[in-house]
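A closer look at the structure
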Amino acid sequence: MDSPPDRSLTPEVREFLETGTRTGKLGWVAPDGRPLVAPVWFVVDDDVVVFNTGSGTAKGKAIARDPRVVLTVDLEEPPYGFVQIQGVAETSEDPQDLLASATAIGGRYMGRDRAEEFGRRNGVPGELVVRIRATKVTAALNVTA
């Protein structure tokens, strides 16, 4: 099923993004103009994709310099599919926000029994909560169906 570009996450897109432990592939532009991509663990909160990264990482520095990013999440087996979210990243260093997002993300990828462990490990000073607000969403779900 193809959906036209949109600014919101439809129920089908949300379901695709929230299924399993698919990683997002975050794209940004390096200071010298090179395009870069790195995997991120993420959760969806309403119509916003949320992930954490270090403020001193390439991702963190790039978002501080230019908050325009793209995130692609794909299904690498039949029926194949992907969601691409172009958007603007907003960051927070609020300690409670960091702990809450790191715990939710840890729970998704490492299991509920380890959520608090990963929250404490990753929700620390020097980390950022990053929220991507979509400016354009493109999805191709069930490509081979």
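For the structure itself, consult the block above.
Summarised in this report is the structure supplied together with it. (Residues numbered from 1 in each chain as written. Predicted model: local features only at pLDDT ≥ 70, side-chain atom pairs only at ≥ 80, totals over all residues. Heavy atoms only, no water.)

Thoughts on the pattern of salt bridges
Under the definition given, this model contains eight salt bridges. Residue Glu 18 is joined to Arg 14 by a salt bridge in which the shortest nitrogen-to-oxygen separation is 3.0 Å. Taken together, the residues span about one helical turn, with Glu 18 and Arg 14 both in helix 1 (residues 11-18) at a distance of four residues. Using a relative accessible area of 22% as the deciding quantity, one classes Arg 14 as partly exposed. Among the salt bridges present, the one from Arg 131 reaches Asp 97, with a minimum N-O distance of 2.7 Å. Of the two residues, Arg 131 sits in strand 8 (residues 127-140) while Asp 97 sits in helix 3 (residues 95-110), which places them 34 residues apart along the sequence. (Salt bridge = Lys/Arg side-chain N within 4 Å of Asp/Glu carboxyl O. Helix = DSSP H or I, 4+ residues; strand = E, 2+ residues; numbered from the N terminus. Buried < 20%, exposed > 50% of the residue type's maximum accessible area, 1.4 Å probe, protein only.)

Some remarks on unusual backbone geometry
The omega torsion of the bond from Pro 78 to Pro 79 falls at 15°, within 30 degrees of zero and hence cis. Relative to the elements of secondary structure, Pro 79 occurs in the loop between strand 6 (68-75) and strand 7 (81-92). Phi at Asp 46 is positive, roughly 60°, even though this residue is not glycine. Mapped onto the fold, Asp 46 is located in the loop between strand 4 (43-45) and strand 5 (48-54). For Asp 46, a relative accessible area of 59% corresponds to the exposed category. Of note, Asn 142 is a non-glycine position whose phi angle comes to about 55°, a positive value. Considering the arrangement of structural elements, one finds Asn 142 in the segment after strand 8. You can call Asn 142 partly exposed: its relative accessible area is 41%.

Regarding the packing of helix 3 against helix 4 (residues 115-122)
One can describe the packing of helix 3 onto helix 4 by two numbers: an axis separation of 7 Å at closest approach and a directional angle of 135°. Classified by the angle their axes make, helix 3 and helix 4 are oblique. Of the two elements, helix 3 crosses helix 4, and the hand of that crossing is right-handed. For the pair helix 3 and helix 4, the contacting residues are Leu 99, Ala 102, Thr 103, Gly 106, Gly 107 and Met 110 in the first and Ala 115, Glu 116, Phe 118, Gly 119, Arg 120 and Asn 122 in the second. Of the residues that constitute the contact of helix 3 with helix 4, the class distribution is five nonpolar, five polar and two charged. (Axes fitted to C-alpha atoms, helices over the stretch in contact; angles between N-to-C directions. Parallel < 35°, antiparallel > 145°, perpendicular 65-115°, else oblique. Left-handed = near helix turned anticlockwise from the far one by under 90°. Contact = heavy atoms within 4.5 Å. Nonpolar A, V, L, I, M, F, W, Y, C, P; charged D, E, K, R; others polar.)

Some words on helix 3
Taking 1.5 Å per residue, 16 residues should reach 22 Å; helix 3 reaches 21 Å between its end C-alpha atoms and fits that length. Looking at helix 3, one finds that the buried residues are Asp 97, Leu 98, Ser 101, Ala 102, Ile 105, Gly 106, Gly 107, Arg 108 and Tyr 109. The N-cap of helix 3, judged by a side-chain oxygen 3.2 Å from the amide nitrogen of Gln 96 a few residues on, is Asp 94. Backbone geometry just downstream of helix 3 places Gly 111 in the positive-phi region, at approximately 100°. (Expected span 1.5 Å × (residues − 1). Polar contact = N/O pair within 3.5 Å; in protein donor to acceptor, adjacent residues only side chain to side chain.)

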